[in-house]
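Structural features, examined
These are the residues of each chain, in order.
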Amino acid sequence: EQYLRDAKIASIYEGTNGIQAMDLFARKVAQKDGYRFKRFVSFVTDTLSSWKDHPMHELGEQIQHSLTELQEVTADMLTEAQSGNMQHGLLNACTYLNMFGNVATAFYLGEAAVIAHDKLQSLFEQNGISGAAEEKSFLRQNSEAAFYHAKVRTAQFFNRNILTQNLSMAATITIDVNFKSGSGVYQLDITETMIVKVIWHTKNRRRPNSPEQKHA
């Protein structure tokens, strides 16, 4: 809990999450015909390709799938922006930031897991460890081995429990383009949609010293 509370400051340095999110989409991604985003995608794709024959290749496949989703969402948002509909990108900037962040986090955790796996296997070989029972016993006794094992398990946990949330975030972003919010008196205009989203994000952001977080 203390780590989470201390790390919360990272989300409010130099402005709010919303400001950083709009900067990511409107400046970092949209400028120069998406040049920075394309470089990021190229770098990640090249690295993931090198994992194809590695025992941790499943992590790479999961990340590649989410990267493809991110590319599709980014293309849709840029298309809307280029057609003059900047509101779509700005209204969905926070969701896009979370989606992008999950892909980047999964990638760097995956890189660490690949290295950690190789280090762990070397320790097993050096100490003559073989079989699941011996490996489990060795992990309890050797702190270095436990450290590498935790790196792998952390990446696996993130991919299975956090990265999978990108599917729903992608749907949230694209639904604004493909779905009209009601009809007649129930159809939301752009101002009403903005108000709803601001209220939603505000209510779902918890301050580090809030009572509910203290007792979590």
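Check the entry above for the structure.
Now for a description of the structure that goes with this document. All figures in this text were calculated on a predicted structure; none of them were measured in a lab.

A separate point is the environment of H57. Take H57: it is sitting in helix α4 (residues 57-82). Measuring from C-alpha to C-alpha, the distance between H57 and V114 comes to 8.7 Å, with 57 residues separating the pair along the chain. With near-sequence residues (within four places) excluded, H57 lies in contact with W51 and K52.

Once that is clear, we can look at the pattern of salt bridges. Any two side chains of opposite charge can pair, given that their charged atoms come close. Scanning all chains against the criterion turns up three salt bridges. D23 is the partner of R27 in a salt bridge, and the nearest nitrogen-oxygen pair spans 3.1 Å. Residue R27 and its partner D23 are located together in helix α2 (residues 17-29), separated by four residues, close to a single helical turn. The shortest N-O distance in the salt bridge between K28 and D23 comes to 2.3 Å.

Turning to unusual backbone geometry, a few remarks are in order. In the Ramachandran plot, K32 falls in the positive-phi region, its phi being about 55° despite a non-glycine side chain. Note on placement: K32 falls in the loop between α2 and α3 (35-49). For D33, which is not glycine, the phi torsion reads 55° and is therefore positive. Mapped onto the elements of the fold, D33 is located in the loop between α2 and α3.

Conventions used here
- Residue positions are given per chain, counted from 1 along the sequence in the order it is written.
- Where local features are concerned, this predicted model is filtered to residues with pLDDT of at least 70; where side-chain atom pairs are given and counted, the filter is 80 or more; whole-chain, interface and lining totals use all residues.
- The basis for every side-chain value is the complete set of non-hydrogen atoms in the structure, without hydrogens or water.
- Numbering of helices and strands runs from the N terminus, with a helix taken as a DSSP run of H or I at least four residues long and a strand as a DSSP run of E at least two residues long.
- We call two residues in contact whenever any of their non-hydrogen atoms come within 4.5 Å of each other.
- One side-chain nitrogen of Lys or Arg within 4 Å of one carboxyl oxygen of Asp or Glu is enough to make a salt bridge.

Coordinates in, geometry out; function isn't part of it.
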